[in-house]
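Reading the structure
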Amino acid sequence: MLLIPMDTEGQKNHLKAYGITYWMLQKQQKVQWLLNYRGGSFLLPDGDLVRKECQIRGVSFEVLSDNQAQSILTNINSPSQNQEAVILEKAPKIAVYSPKDNMPWDDAVTMVLTYAEIPYITLYDEEVLEDKLALYDWLHLHHEDFTGQYGKFYGSYRTASWYIEGKRMAEERAKKLGYDKVSEQKSAVAEKIRAYVIGGGFMFAMCSATDSFDIALAAKDVDICEPMFDGDASSPSYQSRLDYTRTFAFTNFTLERNPSQYEFSSIDMTRKRRIPKESDYFSLMEFSAKWDPVPTMLTQNHTSLVKGFMGQTTAFEAVEVKPTVMVLGECKLNGEARYIHGIKGKGFFTFYGGHDPEDYQHRVGDPKTELELHPTSPGYRLILNNVLFPAARKKKQKT
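Keep in mind that what you see is a predicted model, and the values were worked out from it rather than measured. In this convention, every chain numbers its residues from 1, walking through the sequence in written order. Side-chain atom pairs in this predicted model are given and counted only at pLDDT of 80 or more, local residue features only at pLDDT of at least 70, and totals for whole chains, interfaces and linings cover all residues. Just so you know, side-chain values use all the structure's heavy atoms and leave hydrogens and water out.

**Some points on the overall build of the chain**
Across its full length, the chain carries 12 helices and 15 strands. Relative to its length of 399 residues, the chain is compact, with a C-alpha radius of gyration of 21 Å against a globular reference of 21 Å. Overall, the chain is about 70 × 40 × 40 Å in size when its C-alpha atoms are taken along their principal axes. Burial status follows relative accessibility: with a 1.4 Å probe on protein chains alone, a residue under 20% of its type maximum counts as buried, one over 50% as exposed, and anything between as partly exposed. Within the span of the chain, comprising 399 residues, buried residues form 60% of the whole. Whether two residues are in contact is decided by their heavy atoms: any pair within 4.5 Å suffices. Contacts spanning at least 24 positions in sequence make up 76% of the contacts within the chain whose residues lie at least 6 apart. Here the Shrake-Rupley method, with its probe set to 1.4 Å, supplies the accessible areas, and only the displayed protein chains count as covering residues. Element-wise, carbon and sulfur atoms account for 51% of the exposed surface of the chain, whose accessible area totals about 16,600 Å². Under the scheme used here, helices are H or I runs from DSSP no shorter than 4 residues and strands are E runs no shorter than 2 residues, and both carry numbers assigned from the N terminus. The reference for a compact globule is 2.2 Å times residues^0.38; the radius of gyration itself is calculated from the C-alpha atoms.

Structure, rendered in structure tokens:
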């Protein structure tokens, strides 16, 4: 057997290690994910081909005898150990919801998928509305605004060529798809994604795709857009008409009415933060690997303390997270949830605050992060945990 260690000492490229695991699944080989064992290591069948692939990709590995492998599994199985061996069976089909045109920012998920050499396809509104989501096991929502307010960039960027062109293209796309307004078309997309998750899909969202998605669900059939966004006035008293029962993760939030304010609602903690960069960390929660394997999978890492990073939506107001949603990572100093997970119908969702785990304050137009410089990034590992999660053999949760 081959062990791919995922602790600090044993692994020199954590991110590409996920790619090796995915590569094995593509070859119809089962892999065991050893939860809480040396940072969430992987145990796979040995062979010259996989050894060579690890060497090519710069992934550390250890060759184990059958007896050594069995000894590790026996120890993991002991009731005294907060560990578990989860079988990964099938390479999940991955889709990224992202516009075809180039926007002046990069996306952490597509960057890490590319770096880890995990294949994905890109789709957007047309494919979602044509019910193409059913073809995929895992969906990532790129930096996106589902409310039809063009990312609330109006205050700072309304004269920028990329903003003007993006607005024009969005309006053109909405009309082509049969909608009078971009907000109505984006609402229809959000509803399709909601149905995809309820039907059994896995959705992962970062930055503004998290709160803007829930806001769009709560504001179904309510006009929350001011005239500069959609050409007419918003609905009177729209705040009181929000339906929080329709959302995935958030409740009792207040929308930001000012169109010039770079903020959607009270969900986001960006403007409420008083944490200096050098002490901005969040801690990962610890779960029972045997009783709660899902949150345990999603929090596998070689450290329990992860560097904070900002975004349009940096973190979530803890009191506005629904009690049915699990907080996987939090910053207690600021009363904020950074990384949350929940079940909706037959499916799952994970929301991760911030834009780029290795770029503290990524701004519009900044150069993209070179992941070759961050091969052991704990913040990026959390993304890849979510990518592998749909590959796990489903077990009924005991709690």
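**Quick word on the nonpolar core**
Core analysis: the largest hydrophobic core is formed by 62 residues, its most contacted members being Ile4, Phe42, Leu88, Ile118, Met206, Tyr352 and Ile383. Here the element with the most residues in this core is helix α1 (residues 14-26); it accounts for eight residues. When residues no more than four places from it in sequence are discounted, the contact partners of Ile383 are Ala108, Val109, Val112, Phe204, Met206, Tyr352 and Pro357. In these notes, a set of buried Ala, Val, Leu, Ile, Met, Phe, Trp, Tyr and Cys residues joined through side-chain atoms within 4.5 Å is what counts as a nonpolar core. In this structure, Leu133, Phe146, Ile215 and Ile267 belong to the second largest nonpolar core, which totals 44 residues.

**Looking at the packing of helix α8 (residues 182-198) against helix α9 (residues 208-218)**
The axes are straight lines fitted to the C-alpha atoms, using for helices just the contacting stretch, and the angles between their N-to-C directions are given from 0 to 180°. Contact pair α8 / α9: the axes reach a minimum separation of 9 Å and the direction vectors enclose 100 degrees. Of the possible angle classes, the one that applies to α8 and α9 is roughly perpendicular. Across the interface between the two elements, Ser187, Ala190, Glu191, Ile193 and Arg194 from α8 touch Phe213, Ala216 and Leu217 from α9. Of the residues that constitute the contact of α8 with α9, the class distribution is five nonpolar, one polar and two charged. Convention used here: angles under 35 degrees read as roughly parallel, angles over 145 as roughly antiparallel, angles from 65 to 115 as roughly perpendicular, and any remaining angle as oblique. Side-chain classes follow a simple rule in which Ala, Val, Leu, Ile, Met, Phe, Trp, Tyr, Cys and Pro form the nonpolar group, Asp, Glu, Lys and Arg form the charged group, and the remainder, Gly included, forms the polar group.

**A short note on unusual backbone geometry**
Apart from glycine, the bulk of residues carry a negative phi angle, and the bulk of peptide bonds sit in the trans form. Residue Gln28 is not a glycine yet carries a positive backbone phi of 60 degrees. Topologically, Gln28 is positioned in the loop between α1 and β2 (31-35). Given the relative accessible area of 67%, Gln28 is considered exposed. Despite not being glycine, Cys207 has its phi angle at roughly 50 degrees, a positive value. Position of Cys207 among the secondary structure elements: in the loop between β9 (202-206) and α9.

**Details of the side chain of Ser265**
Take Ser265: it is sitting in the loop between α10 (227-230) and β10 (281-284). Only 3.1 Å separates the side chain of Ser265 from the backbone nitrogen of Ile267, close enough to count as a polar contact. Two N or O atoms form a polar contact when they lie within 3.5 Å of each other; inside protein one atom must be a possible hydrogen donor and the other a possible acceptor, and for residues adjacent in sequence the pair counts only when both atoms belong to side chains.

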